[in-house]
Structures are given as structure tokens and as C-alpha cells.
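Chain by chain, the residues:
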Amino acid sequence: MSRRCDVTGAKPSFGNAVSHSHRRTRRRWNPNLQNHRYWLPSQRRWVSLTLTTKALKTVDRKGIEKVVAELRARGVKL
């Protein structure tokens, strides 16, 4: 399973961890992904999405029907 948000497309970013002695080692920052299940009244079924917390707020603001319509317009299969 990829660590990627279904709505925003956020994925891990990479960089250096810098210690007190300023030694650099590679590290990665993972997005805050949450699995969430939404009820789609128009299709009378549940849809499971992997979302970042920012995308959760987007779904709350726009509504799940509009977000799913945008995902389908991009060609995402749900």
C-alpha cells in the first residue's frame, strides 16, 4: 500500500536528519494518513478512502459527494 492521499495526492518527503554534531543522515517525513469510511447516499454504499488530515477537512467542507465526483473526473476508481 502506498503512503499517498487519495484526495490531495500528498506523499512522503525526504531530507536530512541533522544531529547536534551536525552529522546528516537521510530520513523521510510521512504524511498524516487516516483511513476513513464514508457513506455515499447517491450510490447507497460505503467508500473507503485514505486521506491526510487536511483532506479530511476538505471533505467536511465540500461534502463527500462533490469530492467523489472530482476523484472520478480524474479517473480514480472507487
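All of the points below concern the structure found in this document. (Residues numbered from 1 in each chain as written. Predicted model: local features only at pLDDT ≥ 70, side-chain atom pairs only at ≥ 80, totals over all residues. Heavy atoms only, no water.)

**Considerations on the overall build of the chain**
Assigned secondary structure in the chain consists of two helices and four strands. Counting from the amino terminus, helix and strand elements in the chain follow one another as β-β-β-β-α-α. Rg of the C-alpha trace for the chain: 17 Å, well past the compact-globule value of 12 Å for 78 residues, more than 25% over. Taken over the C-alpha atoms alone, the chain extends approximately 60 × 20 × 15 Å along its principal axes. Expressed as a percentage of its 78 residues, the buried residues of the chain come to 27%. Summarising the internal contacts of the chain: among those between residues at least 6 apart in sequence, 33% fall at separations of at least 24. When the accessible area of the chain is evaluated, it comes to approximately 5,900 Å², of which 49% is carbon and sulfur surface. When the 19 basic and 4 acidic side-chain charges of the chain are each reduced to a single mean position, those positions are 12 Å apart. (Helix = DSSP H or I, 4+ residues; strand = E, 2+ residues; numbered from the N terminus. Rg over C-alpha atoms; globule rule 2.2 N^0.38 Å. Buried < 20%, exposed > 50% of the residue type's maximum accessible area, 1.4 Å probe, protein only. Contact = heavy atoms within 4.5 Å. Areas by Shrake-Rupley, 256 points an atom, 1.4 Å probe, with all protein chains shown as cover. Lys, Arg positive; Asp, Glu negative; His and termini not counted. Charge placed at Lys NZ, Arg CZ, Asp CG, Glu CD.)

**A few points about unusual backbone geometry**
Phi at H22 is positive, roughly 70°, even though this residue is not glycine. Notably, R44 is not glycine yet its phi reads approximately 55°, a positive angle. With respect to the helices and strands, the residue R44 is situated in the loop between β3 (33-40) and β4 (45-52).

Shape is all these values report; function is a separate question.
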